[in-house]
Protein chains: 2
Amino acid sequence: MARGVAGPEIERLIQLLARLPGLGPRSARRAALTLLKKREALLGPLAEAMRIASERVVVCASCGNVDTSDPCAVCTDASRDGSIIVVVEDVSDLWALERAGALHARYHVLGGVLSALDGVRPENLAIDRLVARAAEPGVREVIVALNATVDGQTTAHYVTEALAHLPVTVTRLAHGVPVGGELDYLDEGTLSAALKRRTAM
Amino acid sequence: MARGVAGPEIERLIQLLARLPGLGPRSARRAALTLLKKREALLGPLAEAMRIASERVVVCASCGNVDTSDPCAVCTDASRDGSIIVVVEDVSDLWALERAGALHARYHVLGGVLSALDGVRPENLAIDRLVARAAEPGVREVIVALNATVDGQTTAHYVTEALAHLPVTVTRLAHGVPVGGELDYLDEGTLSAALKRRTAM
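Residues numbered from 1 in each chain as written. Chains lettered and ligands numbered in written order. Predicted model: local features only at pLDDT ≥ 70, side-chain atom pairs only at ≥ 80, totals over all residues. Heavy atoms only, no water.

## Some words on the environment of B:Ala49
Thought 1: Note on placement: B:Ala49 falls in helix H3 (residues 39-56).
Thought 2: Remark: the alpha-carbon pair of B:Ala49 and B:Leu35, spanning 14 residues in sequence, is separated by 14 Å.
Thought 3: Those residues within four positions of B:Ala49 in sequence are excluded, and the remaining contacts are A:Arg12, A:Leu13 and A:Leu16. (Helix = DSSP H or I, 4+ residues; strand = E, 2+ residues; numbered from the N terminus. Contact = heavy atoms within 4.5 Å.)

Structure, rendered in structure tokens:
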């Protein structure tokens, strides 16, 4: 990869950028060049933002969210409904649900889903911590908001069983036609679910 | 974008990452999460690599290449053929030609192409510097390796005229069928050029 032309410093920058999701070797080179061209406006500020994030960002010991404080801003937000815990696979799912803004509750990040193939077992996920939180007084409902994939649903069932002895209601997200979605492009499973759970107009 | 959930430090990181080519708002969030999860292995080293690049990388005053020294490693490499200058639009094109490894000569980065639409005029490009370099003793050929786009070819003609008074041969890259390319997918212009410039088997 252009050895001897771009120096080792630039090569190292490209190699590290290529490890980001969404950037391959070619786009990492483009990204590195953009950074070098916009040194004042982008490279410097980004290096500084990374340094600050590296120093200050911590994982919330309670819910698994990333923030600059532990417990995180979600866990300490008194305006949130403490009776509901939304279980998600990853922090990105937490962010996605917050963008939807439909619920103002607490979260619990599992840190993955069970997977025989990838060797992810229950003890690798934050399931014990979820059970402990769900057992706290005041918690009434646990919404299992895991992906509708095979591994996601396997994990959802495991979580449901782990919570079965507690006096909490365990629910999951509704299946159906995505808002704005075209029926023609949907799979049979989604269409069946949407028909079965049809609601009055 | 998840305000109050991800703190301002993470938001800033996401916003800066989204300004890289190839990363949109969604993939910038994924990249930021990956960085925060791989703090030791990726976030720290990348921040450091950026800081080093920001401090050490300079633009070669002679050819426009980016390197940690000025003049750059290409300009100071005595093993290169100093009689040939390859004119490219951008440093990424220089890297691409070096990867091809077909020529061991010197380069000249114009820093763009002429574009009436984007307001890029000859004085915005490193054309005067190219003419000065091509006038140096020992230079015999200038290869205009600009993109085969309308703006690229307009610039190629402008560069050729600017060099016309000098005793150097000005050449351009061959048009033809890309190696591994399927004729069915090629445009008429490329096929015409490939036919016109056919060579003996």
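What follows continues from the structure just given.
## Let's talk about the domain arrangement of chain A
The extent of an interface is frequently quoted as the accessible surface area lost upon association of the parts.
Thought 1: According to the domain assignment, chain A contains domain 1 (8-56) and domain 2 (66-200).
Thought 2: The distance between the C-alpha centroids of domain 1 of chain A and domain 2 of chain A comes to 34 Å. (Domains from an automatic or database assignment.)

## As for the pairing of strand E4 (residues 105-109) of chain A
Residues and elements named next belong to chain A.
Thought 1: Buried residues dominate E4, accounting for 5 of its 5 residues.
Thought 2: Pairing of strand E3 (residues 81-88) with E4 involves 5 bridges; the strand directions are parallel. When the bridges of E4 are listed, aspartate 81 appears paired with alanine 105.
Thought 3: Taking the sense of rotation as the criterion, the β-α-β connection linking E3, helix H5 (residues 91-100) and E4 turns out right-handed. (Buried < 20%, exposed > 50% of the residue type's maximum accessible area, 1.4 Å probe, protein only. Pairing = 2+ DSSP bridges. Right-handed = clockwise from strand over helix to strand, strands pointing away.)

## Observations concerning the packing of helix H2 (residues 25-37) of chain B against H3(B)
Residues and elements named next belong to chain B.
Thought 1: Look at H2 against H3: their axes get within 6 Å of each other, and the N-to-C directions meet at 115 degrees. The pairing of H2 with H3 is recorded here as roughly perpendicular in orientation. Of the residues in H3, those in contact with Thr34, Leu35, Leu36 and Lys37 of H2 are Arg39, Leu42, Leu43 and Leu46.
Thought 2: Among the residues forming the contact of H2 with H3, the class breakdown is 5 nonpolar, 1 polar and 2 charged. (Axes fitted to C-alpha atoms, helices over the stretch in contact; angles between N-to-C directions. Parallel < 35°, antiparallel > 145°, perpendicular 65-115°, else oblique. Nonpolar A, V, L, I, M, F, W, Y, C, P; charged D, E, K, R; others polar.)

## Brief notes about helix H3 (residues 39-56) of chain A
Thought 1: With 18 residues, H3(A) should cover 26 Å at 1.5 Å per step; its first-to-last C-alpha distance of 24 Å lies within 8% of that length.
Thought 2: Within H3(A), burial applies to A:Arg39, A:Leu42, A:Leu43, A:Pro45, A:Leu46, A:Ala47, A:Ala49, A:Met50, A:Ile52 and A:Ala53.
Thought 3: Turning to H3(A), the residues buried within the fold contact helix H2 (25-37) of chain A together with helix H1 (8-17), H2, H3 and strand E1 (58-59) of chain B. (Expected span 1.5 Å × (residues − 1).)

## Quick word on the interface of chain B and chain A
Thought 1: Chain B puts 56 residues into the contact, and the matching count from chain A is 56 residues.
Thought 2: Each partner contributes to the roughly 5100 Å² buried at the junction of chain B and chain A, and carbon and sulfur atoms together form 71% of this total.
Thought 3: Viewed at the interface, chain A and chain B are joined by 4 salt bridges.
Thought 4: Between A:Asp90 and B:Lys37 there is a salt bridge whose closest N-O contact spans 2.8 Å.
Thought 5: Connecting chain B to chain A are 6 residue pairs in polar contact (both at pLDDT 80 or more).
Thought 6: Contributions of two or more residues to the side of chain B that touches chain A are made by H1, H2, H3, strand E2 (66-67), helix H4 (73-76) and helix H5 (91-100) of chain B.
Thought 7: A total of 14 residues in the side of chain B that touches chain A trace back to one element, the largest contributor, which is H3(B).
Thought 8: Residue composition of the side of chain B that touches chain A, by class: 34 nonpolar, 8 polar and 14 charged. (Buried area = accessible area lost by both parts, 1.4 Å probe. Salt bridge = Lys/Arg side-chain N within 4 Å of Asp/Glu carboxyl O. Polar contact = N/O pair within 3.5 Å; in protein donor to acceptor, adjacent residues only side chain to side chain.)

## Points about the sheet that holds strand E3 (residues 81-88) of chain B
Residue and element names in this part refer to chain B.
Thought 1: Taken in spatial order, the 4 strands line up as E4-E3-E5-E6 in an open sheet, and their pairing is parallel. The open sheet terminates on both sides in strands that have one partner only, identified here as strand E4 (105-109) and strand E6 (169-172). Across the sheet, the axes of successive neighbouring strands diverge by a mean angle of 25 degrees, strand direction being ignored.

## Comments concerning the packing of helix H6 (residues 127-134) of chain B against helix H7 (residues 150-162) of chain B
Residue and element names in this part refer to chain B.
Thought 1: Where H6 contacts H7, the two axes come as close as 10 Å, and the packing angle between them is 45 degrees. By the criterion of interaxial angle, the relationship of H6 to H7 is oblique. Where H6 crosses over H7, the two elements pack in a sense that is right-handed. Residue-level inspection shows Ile127, Leu130 and Val131 of H6 in contact with H7, the latter providing Tyr158, Val159 and Ala162. (Left-handed = near helix turned anticlockwise from the far one by under 90°.)

## Some remarks on the nonpolar core
Thought 1: Counting 78 residues, the largest nonpolar core has A:Leu17, A:Met50, B:Leu17 and B:Met50 as its most contacted members.
Thought 2: The contact partners of B:Met50, leaving out residues within four places of it in the chain, are A:Leu13, A:Leu17, A:Leu35, A:Leu43, A:Leu46, A:Ala47 and A:Met50.
Thought 3: Residues A:Val87, A:Leu125, A:Val142 and A:Leu163 belong to the second largest nonpolar core, which totals 19 residues. (Core = buried A, V, L, I, M, F, W, Y, C linked by side-chain atoms within 4.5 Å.)

## Details of the pairing of E3(A)
Residue and element names in this part refer to chain A.
Thought 1: When you tally the buried positions in E3, you get 6 out of 8 residues, the bulk of the element.
Thought 2: Here E3 runs beside strand E5 (residues 141-144); their pairing, made up of 4 bridges, is parallel. Bridging from a neighbouring strand, valine 87 pairs with valine 144 of E5.

## A word on the pattern of salt bridges
Two side chains of opposite charge can pair, provided their charged atoms sit close to one another.
Thought 1: The final tally for this structure, using the stated rule, is 14 salt bridges over all chains.
Thought 2: Its salt-bridge partner being A:Glu55, residue A:Arg51 comes within 2.8 Å of it at the nearest N-O pair. Here A:Arg51 pairs with A:Glu55, and both are found in helix H3, just 4 residues apart, close to one helical turn.
Thought 3: The exposure class assigned to A:Arg51 is partly exposed, which follows from its relative accessible area of 36%.
Thought 4: Overall, the relative accessible area of 54% leaves A:Glu55 in the exposed class.
Thought 5: Here B:Asp77 ties to B:Arg80 by a salt bridge, and the two come within 3.2 Å at their closest N and O atoms.
Thought 6: On the basis of relative accessibility, which here comes to 22%, the residue B:Asp77 falls in the partly exposed class.
Thought 7: B:Arg80 sits in the buried class, given a relative accessible area of 8%.
Thought 8: Linked by salt bridges that have partners in common, A:Glu48, A:Arg51 and A:Glu55 make up one network.

## Concerning the confidence of the model for chain A
Thought 1: For chain A, per-residue confidence averages 90 on the pLDDT scale, and residues scoring 70 or more make up 98% of the total.
Thought 2: For chain A, the element scoring lowest by mean pLDDT is helix H8 (residues 188-196) of chain A, at 85; helix H6 (residues 127-134) of chain A scores highest, at 96. (pLDDT = per-residue confidence, 0-100.)

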